[in-house]
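Spelled out, the chains give:
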Amino acid sequence: MALTIMNDAQRCLQCKVPMCKKGCPIATPIPEVIAKFKEGKLMEAGQQLFENNPMSVFCSIVCDHQAQCAGHCVLGRKGSPVHFYNIEKFVSDAYLDRVRITKPEKKGKKAAVLGAGPAGMSVAVILASNGYDVTIFDDNNQIGGMLRYGIPEFRLPKTIIDRYKKLMNKLDIRFRPNTVLGEALTIDNLFRDGYAAVFVGTGVWRPKTLGIEGESLPNVHFGISYLANPEAFTIGENVAIIGMGNVAMDVARTALRHGAQNVTLYARSKRIAASEHEMDYARLDGAQFEFGQAIEKIEPEGPVFKVAIFDENDKVVGYEEELNHVKADATILAVSQAPKNKLILTTEGLEGNERGLLITDDNCMCTVPGVFAAGDVVHGSNTVVAAAAEAKKAAAAMMEYMENH
Ligand SMILES: Cc1cc2nc3c(=O)[nH]c(=O)nc-3n(C[C@H](O)[C@H](O)[C@H](O)COP(=O)(O)OP(=O)(O)OC[C@H]3O[C@@H](n4cnc5c(N)ncnc54)[C@H](O)[C@@H]3O)c2cc1C
Ligand code: SF4
């Protein structure tokens, strides 16, 4: 490993206009970090990564590198690109435990962060690093959001999130676990109690339903509920998964690691939402794929599909008369998520769009002054790096707001 990342660092051309940086949604200064790494300035490289992207240690593992940094490296046009994410992982991982925090001068203002996912964690770290008192509220008992309760352990070890918590402790970030905002406590209560600004990074945690018969049967489950705690579910050996997005791929791979022998994913069309590499991994793990299967209902014995008829362009042009009855011990629905509506229902003036996603202006401010938002709760299910990039913008806007109010 050490040799491979050193080789990759040596191969970097130090381009004047680095395409890798352009391909990275948070504009990681890749050539500069590589230069520091080559000079043995590990902590400096780590600091640069962390200050540019507080989620660097996670992004290096879960980003779609082929579509982003590595996919844009000019060396990749004729051969193998620099796999910067491996260097980033090494550097950011080392930095996580060794970083020495110099306590900033206190601003005397406190901010509330709702949601301890990538967006909330990023905002909290930036505000705390700038001297604001930060308290994070989360309805789960640990930090991480979808990093912990969505992305499976075999892709992202939870110990990294635990180590990140220590870094947050060093920054004096307070954490109130098992605390839902929009129930006993509301955003108004936070302003009443002296928080100068509120950040909402509550993500999308309501599984979308299909509105079909059978969704409440005992052997039918939602993908994100299953991933949050797979041990709690009895799924049997034959599992049918409805949907073929990235979440569905994680569900399939998790099920195969939790006793399922036959796992099949079903999609209505041949165009699917999952990235190619996520699908390749699921295939390597042994998952099967069935296209042209439109879910009609779910029976106790398993799902029932209408079978699509495709034209020469793979467009669905109709359905066969006979239904396809599939036998499955469990059926798992993984067809996307939407935000919960507790905050909108309990905060006067807080507006969402027709999908329930929060409406924000160019400064990430919601329709209530002093309330900011970023990440999945604004855009729907997206990526860790996108949440971090927008959270940076929101944190800057919050600091400006707090200075002026
Ligand atoms: C299964 C799965 C796999 C994924 N794989 C990848 C991947 O490989 N790469 C990638 O880049 N992205 C991946 N993603 C997407 C990525 O995890 C999200 O885009 C990212 O986590 C969004 O960050 P966020 O902070 O906006 O929201 P979240 O991570 O969803 O965090 C929101 C937090 O808010 C809390 N919360 C919600 N409502 C309230 C409330 N009312 N009060 C208090 N707290 C509340 C939640 O408990 C949660 O902790 C995946 C997502 C899933 C579901
Ligand atoms: S943040 Fe993601 S896309 Fe950007 S350099 Fe790191 S791994 Fe690549």
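Reading guide: rules and limits
Residues numbered from 1 in each chain as written. Chains lettered and ligands numbered in written order. Predicted model: local features only at pLDDT ≥ 70, side-chain atom pairs only at ≥ 80, totals over all residues. Pairing = 2+ DSSP bridges. Helix = DSSP H or I, 4+ residues; strand = E, 2+ residues; numbered from the N terminus. Domains from an automatic or database assignment. Contact = placed C-beta atoms within 7 Å. Near = placed C-beta within 6 Å. Nonpolar A, V, L, I, M, F, W, Y, C, P; charged D, E, K, R; others polar. Axes fitted to C-alpha atoms, helices over the stretch in contact; angles between N-to-C directions. Buried ≥ 20, exposed ≤ 12 C-beta atoms within 10 Å, placed from the backbone. Expected span 1.5 Å × (residues − 1). Arc of directions from axis to C-beta. Core = buried A, V, L, I, M, F, W, Y, C linked by C-beta atoms within 7 Å.

With that settled, the discussion passes to the pairing of strand 11 (residues 302-310). Walk down a regular strand and you will see the side chains alternate between the two sheet faces. With six bridges joining them, strand 10 (residues 293-299) and strand 11 adopt antiparallel strand pairing. Counterpart to Lys297 in the pairing with strand 11 is Val304. Linking strand 10 to strand 11, which pair antiparallel, is a turn of two residues. Here strand 11 pairs with strand 13 (residues 324-325) via two bridges, running antiparallel. Paired with Val304 across the two strands is His325, which belongs to strand 13. One ladder, built from three bridges, connects strand 11 with strand 12 (residues 316-319); its direction is antiparallel. Residue Phe310 lies in a different strand from strand 12, and its bridge partner there is Val316.

Our focus in this paragraph is the domain arrangement of the protein. According to the domain assignment, the protein consists of domain 1 (2-98), domain 2 (110-205 + 339-404) and domain 3 (207-337). With centres defined by C-alpha atoms, the gap from domain 1 to domain 2 works out at 27 Å. At the junction of the two partners, domain 1 supplies 13 residues and domain 2 supplies 18 residues. Secondary structure elements with two or more residues in the side of domain 1 that touches domain 2: helix 5 (56-62) and helix 7 (84-98). Considering every element that reaches the side of domain 1 that touches domain 2, the biggest residue donor is helix 5, with five residues.

Here the focus is the site of ligand 1. Residues in contact with ligand 1 amount to 42 residues; listed here are only the nearest, Gly115, Gly117, Gly145, Gly203 and Gly375. Going through the elements one at a time, helix 8 (118-129), helix 9 (146-149), helix 12 (223-228), helix 13 (246-256), helix 15 (342-346), helix 16 (376-379) and helix 17 (384-404) are the ones with two or more residues in the shell around ligand 1. In the shell around ligand 1, the residues fall into 21 nonpolar, 15 polar and six charged. Residue contributions to the shell around ligand 1 reach at least three from each of two domains, namely domain 2 (110-205 + 339-404) and domain 3 (207-337).

Time to look at the site of ligand 2. Taken together, 15 residues lie around ligand 2, and Cys24, Cys59, Cys63, Gln68 and Cys69 are the ones closest in. At the level of secondary structure, the elements contributing two or more residues to the shell around ligand 2 comprise helix 5 and helix 7. Among the elements that line the shell around ligand 2, the one with the most residues is helix 7, at three residues. Taken together, the residues of the shell around ligand 2 break down into nine nonpolar, five polar and one charged.

Turning next to the sheet that holds strand 9 (residues 288-290). Across the sheet, which stays open at both edges, the five strands sit in the order 6-14-7-8-9 with parallel pairing between neighbours. Two strands bound the open sheet, and with one partner strand each, they are strand 6 (220-222) and strand 9. If you compare each strand with its neighbour and ignore which way they point, the axes differ by 25° on average. Bridging between strand 6 and strand 14 (residues 330-333) involves three bridges; their strand directions are parallel. Across the sheet, Phe222 pairs through a bridge with Leu333, a residue of strand 14. In this fold helix 13 packs onto strand 7 (238-242), strand 8 (262-266) and strand 14, with an angle of close to 170° to the strand it touches most, strand 8.

As a further point, take the pairing of strand 4 (residues 195-200). Of all six residues in strand 4, six are buried; the element is thus mostly enclosed. Bridge count for strand 1 (residues 110-114) against strand 4 is five bridges, and the pairing is parallel. Bridged to Lys110 within strand 4 is Tyr195. Sheet analysis places strand 4 next to strand 16 (residues 371-373), joined by three bridges and oriented parallel. Across the sheet, the residue bridging to Phe199 is Phe372, located in strand 16.

Over its 13 residues, helix 10 (residues 158-170) runs 19 Å from end to end, which matches the ideal 18 Å to within 8%, given 1.5 Å per residue. Here helix 10 has its buried residues at Ile161, Tyr164 and Met168. Projected down its long axis, helix 10 shows its buried positions confined to an angular sector of 55°, all on one face. In this structure, helix 10 carries Thr159, Lys166 and Asn169 as exposed residues pointing more than 90 degrees from its buried face. On its buried side, helix 10 packs onto helix 5, helix 7, helix 8 and helix 9. Immediately beyond the C-terminal end of helix 10, within one or two residues, lies Asp172, with a positive phi of roughly 65°.

With that settled, consider the sheet that holds strand 1. Pairing in this open sheet of five strands is parallel, and the strands run 3-2-1-4-16 from one edge to the other. With partners counted over all chains shown, the strands left at the sheet margins are strand 3 (174-176) and strand 16, one partner each. With strand direction ignored, the average angle separating the axes of adjacent strands in the sheet is 20°. Of the pairings in the sheet, the one linking strand 1 to strand 2 (residues 133-137) comprises five bridges and is parallel in character. By the bridge assignment for strand 2, Val113 is matched with Ile136. Running at roughly 165° to strand 4, helix 17 makes contact with strand 1, strand 4 and strand 16 of the sheet.

Across soluble globular proteins, you tend to see nonpolar side chains buried next to one another. Counting residues in hydrophobic clusters, the biggest one holds 85 residues, and the most contacted among them are Ala111 and Ala124. No other element matches helix 17, which puts 10 residues into this core. Of the domains in this structure, domain 1 (2-98) and domain 2 (110-205 + 339-404) are the two that each give at least three residues to this core. Residues within four places of Ala111 in sequence aside, it is in contact with Leu127, Tyr132, Val134, Tyr195, Ala196, Ala197, Phe199, Met398 and Met402.

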